[in-house]
Amino acid sequence: MNTNNEKQAVEKISAYIDDALNGDEIESLLGENVSAEQTDKHFSVATRYHMVGDALRGELSDASMVDVSAQIHQALLHESFDAVELARAVKTSQQTESRFDFFAWLESFARPLVGMAVAASVAVLMVVTVVQMESPESGQQLASSPGNLPAAALVANKQPVNDSLSKEQQAAEFDTYLAEHAEFAAQDTLQGRIPYVRAVSYEAE
Amino acid sequence: MGNERSIDQALVERVQQGDKKAFDLLVLKYQLRVSKLVARFLRNPSDVPDVVQDTFIKAYRALPNFRGDSAFYTWIYRIAINTAKNHLVSMSRKSPANSIDVQDAEDYGASDWLKEYATPERKVLADEIQVNINQAVSQLPPDLREAIMLREMEGLSYEDIATTMDCPIGTVRSRIFRAREAIDEKLEPLLDEYSHNVGST
C-alpha cells in the first residue's frame with residue numbers, strides 16, 4: 001500500500017468513526033490488503049481521533065486513552081475459529097428464527113380471533129338475559145315459588161289452620177302456646193303475654 | 001446517525017462469515033465507548049483495559065448467537081456490564097451502590113470517578129494532551145476548525161455540516177480528516193514519548 005492509498009485508508013477510518021461511510025466504502029476498507037504494521041497503525045490512529053473528540057468536548061479521561069484494539073486483534077488471531085461450527089450455529093439460529101416466526105404468525109392470527117369469540121359470547125348472553133327479563137312470559141314461575149304476588153295477596157289467601165276450633169278453644173291453645181314460649185319473651189314479668197290495659201270510664205250524667 | 005445500525009449489522013454478518021477484519025472495525029468504533037462504560041463500574045482505572053479486552057473477546061465468541069434483534073452496541077454494552085460485574089466479584093469488591101443500566105450509563109456525564117487516573121503520570125499526560133489539542137485546533141485554518149468543531153462539539157452529521165458550511169459532503173469529510181491529521185501531528189509525538197518513558201521505566 002503506497003502513501004496515497006494509506007492516506008485514503010486513514011481518511012476512510014476517519015469517516016467510519018463518524019458513521020459516514022457507505023456500504024461500498026466499508027467493503028473496500030475490508031478488502032484492502034494491509035500489513036500487520038499498518039493494521040496497528042490504523043488502530044492507533046482511530047484511538048487518537050477518538051481522543052481528539054473527547055478533548056474538544058472536555059471529556060478527556062483515563063478511559064479515553066485505553067487502546068486494547070491491537071491486543072484484541074492478537075488474541076483473536078490465536079482464537080480457534082471453526083468456520084464450519086460458526087456457519088452451523090448461524091444456520092440453526094436462522095432455522096429457529098423461521099420456526100418461531102410461524103408460531104408467532106399463528107399466535108398473532110389466533111389471539112384476536114379468541115378475543116372476538118369471547119366478546120361475542122358475552123354480548124349474546126347479555127342480549128338473551130335482557131330479552132328474557134322484558135318478556136311477559138317471564139312472569140311464569142315455578143310451582144313452588146311464591147311468584148310475584150304481593151304480600152297483601154299472600155296474607156289474604158292464607159287459610160286458617162283449623163277452622164273447626166271454637167274461639168274459646170283457639171284462645172286456650174294460644175294461651176298454652178304463649179306459656180310454653182315464655183322463655184323467649186322479651187319481658188319476664190308478663191310471661192310473654194302482650195300487656196293490655198282495660199280502661200274503664202264513667203260517663204257523668 | 002441513521003445508517004449506524006445497518007453498517008454494524010453488515011459488519012457482524014461479515015464476522016459471522018469468518019472475516020476477522022470486520023470485527024477489528026467494530027472494535028475501532030466501540031472501544032472508547034465501552035472503555036468509558038466499564039470505567040464507570042470499576043473503582044480502579046488500571047483494571048479498565050483488561051475488562052474491555054475481555055468484553056470484546058467474549059463478544060467475538062458469542063457473535064454466532066447474535067441475531068441482530070437489538071443494535072450491536074446495545075448487545076456489547078450488556079456484555080461489558082456483565083464482564084465488569086464479574087470482574088468486581090472476582091476481585092472481591094463491592095459493586096457501586098448505584099445500579100447503572102445500559103441507557104443510564106450512556107446518559108451519565110463524566111463523573112468524578114471517571115476522572116480518576118491510573119497513575120499521576122497519566123493525569124499529567126492527559127493535561128498535556130488537552131493543552132496540545134487546544135493549541136493545534138487554534139492553529140487550524142478557519143474552514144478546517146469550523147468543520148471539526150461542528151462535528152466533535154455540536155455532534156452534527158456530515159450532511160448537516162455540509163448544509164451549514166454550504167459545501168459538498170465530500171469536502172466536509174476531507175476537511176474533518178485534514179483537521180484530525182493536523183491535530184494528530186501534535187498528539188502522536190506526545191503519546192510516543194509517554195510510551196517510550198513508561199517502557200524505559
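Asker: Help me get a handle on the overall build of chain A, residues and values and all.
Answerer: Counting its secondary structure elements, chain A contains seven helices and zero strands. Across the 205 residues that make up chain A, the buried fraction comes to 25%. Just so you have it, chain A exposes about 14900 Å², and 58% of that area is on carbon and sulfur atoms.

Asker: Could you give an account of helix α8 (residues 158-165) of chain B, with specific residues and numbers?
Answerer: Each α-helix turn comprises 3.6 residues. Residues three or four places apart therefore point the same way. Residues and elements named next belong to chain B. Burial in α8 covers these residues: Y158, I161, A162 and M165. In a view along the axis of α8, the buried residues occupy a sector of 105 degrees, so they form one face of it. Phi turns positive one or two residues past the end of α8, at D166, with a value near 55 degrees.

Asker: Summarise the confidence of the model for chain B; cite the residues concerned and give the values.
Answerer: All names here are of chain B. Here chain B shows a mean pLDDT of 84. Residues at 70 or above account for 84%. Of all secondary-structure elements in chain B, the lowest mean pLDDT belongs to helix α5 (residues 102-107), at 50, while helix α7 (residues 142-152) reaches the highest, 96. For this predicted complex, the interface confidence score (ipTM) comes to 0.84, while the overall pTM stands at 0.63.

Asker: I'd like a rundown of the nonpolar core, residues and numbers included.
Answerer: By size, the foremost hydrophobic cluster in this structure holds 84 residues, and its most contacted members are F23(B) and I129(B). Counting residues per element, this core draws most heavily on helix α2 (residues 20-41) of chain B, at 12 residues. Once residues within four sequence positions are removed from consideration, I129(B) is found in contact with M51(A), L60(A), M65(A), L187(B), L190(B) and L191(B).

Asker: Pulling in residues and values, what's your account of a nonpolar patch on the surface?
Answerer: A cluster of nonpolar side chains, V114(A), V118(A), V122(A) and M126(A), forms an exposed patch at the surface whose accessible area comes to about 380 Å². Take V118(A): it is sitting in helix α5 (residues 83-134).

Asker: Before we move on, can you summarise the interface of chain B and chain A with the specific residues and values?
Answerer: Counting residues at the interface gives 65 residues for chain B, matched by 61 residues for chain A. The junction of chain B with chain A conceals about 6000 Å² of combined surface from both sides, 61% of it contributed by carbon and sulfur atoms. On the chain B side of the interface with chain A, the three residues burying the most area are L28(B), R173(B) and F177(B), jointly 12% of the side's total. The interface formed by chain B and chain A holds 13 salt bridges in total. For R57(A), the salt bridge identified is with E152(B), shortest N-O distance 2.9 Å. The tally of links from chain B across to chain A stands at 21 residue pairs in polar contact (both at pLDDT 80 or more). Of all elements in the fold, only α1 (4-16), α2, α3 (48-62), α6 (120-138), α7 and α9 (169-200) of chain B reach the threshold of two or more residues within the side of chain B that touches chain A. At 15 residues, the largest contribution of residues to the side of chain B that touches chain A is made by α2(B). Along the lines of polarity and charge, the residues of the side of chain B that touches chain A split into 37 nonpolar, eight polar and 20 charged.

Asker: Lay out the environment of A39(B) in plain terms, naming residues and giving numbers.
Answerer: You can see A39(B) is positioned in helix α2. A sequence separation of 13 residues divides A39(B) from V52(B), and the C-alpha atoms of the two residues are 9.4 Å apart.

Asker: If you had to explain α3(B) to someone new, which residues and values would you point to?
Answerer: Between its first and last C-alpha, α3(B) extends 21 Å over 15 residues, near the 21 Å set by a 1.5 Å rise per residue. The complete set of buried residues in α3(B) reads V48(B), V51(B), V52(B), Q53(B), T55(B), F56(B), I57(B), A59(B) and Y60(B). On its buried side, α3(B) packs onto α4 (69-77) of chain A together with α1, α2 and α4 (72-90) of chain B.

Asker: Requested: an account of the layout of surface pockets, with residues and values cited.
Answerer: Taken as a whole, the second largest pocket encloses approximately 580 Å³ of empty space. Every residue lining the second largest pocket is counted, 23 residues in all, and those nearest its centre are M65(A), D67(A), R122(B), L191(B) and S195(B). Elements with a contribution of two residues or more to the lining of the second largest pocket: α3 (36-56) of chain A together with α6 and α9 of chain B. No other element matches the six residues that α9(B) contributes to the lining of the second largest pocket. The class makeup of the residues in the lining of the second largest pocket is 11 nonpolar, five polar and seven charged.

The rules we used
- Residues numbered from 1 in each chain as written.
- Chains lettered and ligands numbered in written order.
- Predicted model: local features only at pLDDT ≥ 70, side-chain atom pairs only at ≥ 80, totals over all residues.
- Heavy atoms only, no water.
- Helix = DSSP H or I, 4+ residues; strand = E, 2+ residues; numbered from the N terminus.
- Buried < 20%, exposed > 50% of the residue type's maximum accessible area, 1.4 Å probe, protein only.
- Areas by Shrake-Rupley, 256 points an atom, 1.4 Å probe, with all protein chains shown as cover.
- Arc of directions from axis to C-beta.
- pLDDT = per-residue confidence, 0-100.
- Core = buried A, V, L, I, M, F, W, Y, C linked by side-chain atoms within 4.5 Å.
- Contact = heavy atoms within 4.5 Å.
- Patch = residues over 30% accessible without salt bridge, like charges linked within 9 Å, V, L, I, M, F, W, Y side chains within 5 Å.
- Salt bridge = Lys/Arg side-chain N within 4 Å of Asp/Glu carboxyl O.
- Buried area = accessible area lost by both parts, 1.4 Å probe.
- Polar contact = N/O pair within 3.5 Å; in protein donor to acceptor, adjacent residues only side chain to side chain.
- Nonpolar A, V, L, I, M, F, W, Y, C, P; charged D, E, K, R; others polar.
- Expected span 1.5 Å × (residues − 1).
- 1 Å grid on protein atoms, 1.4 Å probe; cavity = no way out; pocket = protein on both sides within 12 Å on 5 of 7 lines; lining within 4 Å.
- Points joined across faces, edges and corners; volume = space filled by probe spheres on them.

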